[in-house]
Amino acid sequence: MKTASALGGFSLVEVLVALAVLSIGMLGVAALQINGVRANTGAYLRGQAVMISTDMSERMYANRTGTQQFRYDGFAFSPGDACPVSASICSVQIGNTGTPAACSPEQMAAYDRYVVACGMSNGGGDLLGGVDDLLPNGAITITCPVAPETTCTSGASRRVTVSWQERVETSTGTAELATQTVGITIRP
């Protein structure tokens, strides 16, 4: 009579070794998956920040008079801040004509700051699409990037900076929150 090893089967030790090698490989695949999701989330947040900073710079270009009158300069919105103004500022109608009233450059700048910081109403009371909604601990600032002792002129460049927090892996392999920043410098 032949023994089990003579029949060409696998011993228990061989099965356990194969299972250990397979488990190590699967752990490597899981780590790759986690890093892929983290990188994808980071790219998504960076894309949102670029979209927000571009949106604000385009609004400043569209309201060139307001930009040159310094209506955007010094604007800062940080996590936990209240929304700057009411969103209905530029939807006032002229009489009963149904025609929206023209906004002054100052009103348009206030409206732009509100929409970019807090978003627009979805009709149900929630605000969607602003820094506050799209980025974790999102913030936006608009500055005049000239030397501090120099007064900003109406034709000077403006810097739109959007920041947020995301988890990044450190050199020690641990994940921690880090502030990420995207900025656009424009000359309206």
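Up top is the structure.
Notes on the structure follow.

Definitions and limits used
- Residues numbered from 1 in each chain as written.
- Predicted model: local features only at pLDDT ≥ 70, side-chain atom pairs only at ≥ 80, totals over all residues.
- Heavy atoms only, no water.
- Helix = DSSP H or I, 4+ residues; strand = E, 2+ residues; numbered from the N terminus.
- Buried < 20%, exposed > 50% of the residue type's maximum accessible area, 1.4 Å probe, protein only.
- Areas by Shrake-Rupley, 256 points an atom, 1.4 Å probe, with all protein chains shown as cover.
- Pairing = 2+ DSSP bridges.
- Salt bridge = Lys/Arg side-chain N within 4 Å of Asp/Glu carboxyl O.
- Axes fitted to C-alpha atoms, helices over the stretch in contact; angles between N-to-C directions.
- Parallel < 35°, antiparallel > 145°, perpendicular 65-115°, else oblique.
- Contact = heavy atoms within 4.5 Å.
- Nonpolar A, V, L, I, M, F, W, Y, C, P; charged D, E, K, R; others polar.
- Core = buried A, V, L, I, M, F, W, Y, C linked by side-chain atoms within 4.5 Å.
- Patch = residues over 30% accessible without salt bridge, like charges linked within 9 Å, V, L, I, M, F, W, Y side chains within 5 Å.
- Disulfide = S-S within 2.5 Å.

**Considerations on the overall build of the chain**
- Within the chain, the secondary structure is distributed over four helices and six strands.
- Reading the helices (α) and strands (β) of the chain from amino to carboxyl end gives α-α-β-α-β-β-α-β-β-β.
- Burial analysis of the chain (188 residues in total) assigns 27% to the buried set.
- Carbon and sulfur atoms make up 59% of the accessible area of the chain, which amounts to about 11,500 Å² in all.

**Looking at the pairing of strand β4 (residues 139-143)**
- The pairing of strand β1 (residues 76-77) with β4 spans two bridges and is antiparallel. What sits directly across from Ala76, in β4, is Thr141.
- Strand direction decides the pairing type here: β4 and strand β5 (residues 158-169), joined by five bridges, are antiparallel. Bridging from a neighbouring strand, Thr143 pairs with Arg159 of β5.

**Overview of the pattern of salt bridges**
- Tallying each qualifying case throughout the model produces four salt bridges.
- Across the salt bridge formed by Arg59 and Asp55, the nearest N and O atoms sit 3.1 Å from each other. Of this pair, Arg59 and Asp55 both sit in helix α1 (residues 12-62), four residues apart, which is roughly one turn of that helix.
- With a shortest N-O distance of 3.9 Å, Glu106 and Arg71 are connected by a salt bridge.

**Overview of the packing of α1 against helix α3 (residues 105-118)**
- Interhelical geometry of α1 versus α3 gives an angle of 170 degrees and a closest axis separation of 10 Å. As summarised for this structure, α1 and α3 are arranged roughly antiparallel, according to the angle between their axes. Residues Ile52, Asp55, Met56 and Arg59 of α1 form the contact with α3, whose participating residues are Tyr111, Asp112, Arg113, Val115 and Val116.
- Here the contact of α1 with α3 is composed, by residue class, of five nonpolar, no polar and four charged.

**Observations regarding the sheet that holds strand β6 (residues 175-186)**
- What the four strands build is an open sheet, ordered β1-β4-β5-β6; its pairing is antiparallel. With one partner strand each, in any of the chains shown, β1 and β6 form the two edges of the open sheet.
- Contacting β4, β5 and β6, α1 crosses the sheet at an angle of about 170 degrees to β5.

**Digging into the pairing of β5**
- Two elements, β5 and β6, share 12 bridges in a ladder whose sense is antiparallel. Note on β6: the bridge partner recorded for Val160 is Ile184.
- The hairpin formed by β5 and β6 contains five residues between the paired strands, and Gly173 there has a positive phi angle of roughly 90 degrees.

**Digging into the nonpolar core**
- Judged by nonpolar contacts, the single largest core of 25 residues is most densely connected at Ile52, Met56, Met60, Phe75, Leu135, Ile140 and Ile142.
- At the level of elements, α1, α3, α4 (131-134), β4, β5 and β6 are the ones that each hand at least two residues to this core.
- It is α3 that contributes the most residues to this core, seven residues altogether.

**Concerning a nonpolar patch on the surface**
- Together, Leu12, Leu16, Leu19, Leu22, Met26 and Val29 give the surface a local cluster of nonpolar side chains, amounting to about 630 Å² of exposed area.
- Structurally, the position occupied by Met26 is in helix α1.

**Section: the state of the cysteines**
- Here the structure, examined in full by the defined rule, presents one disulfide.
- Between the sulfur atoms of Cys144 and its disulfide partner Cys152 the distance amounts to 1.8 Å. Measuring handedness by torsion sign, the sulfur bridge of Cys144 and Cys152 sits at about 80 degrees and is right-handed.
- Of the residues examined, Cys152 reaches a relative accessible area of 15% and is grouped as buried.

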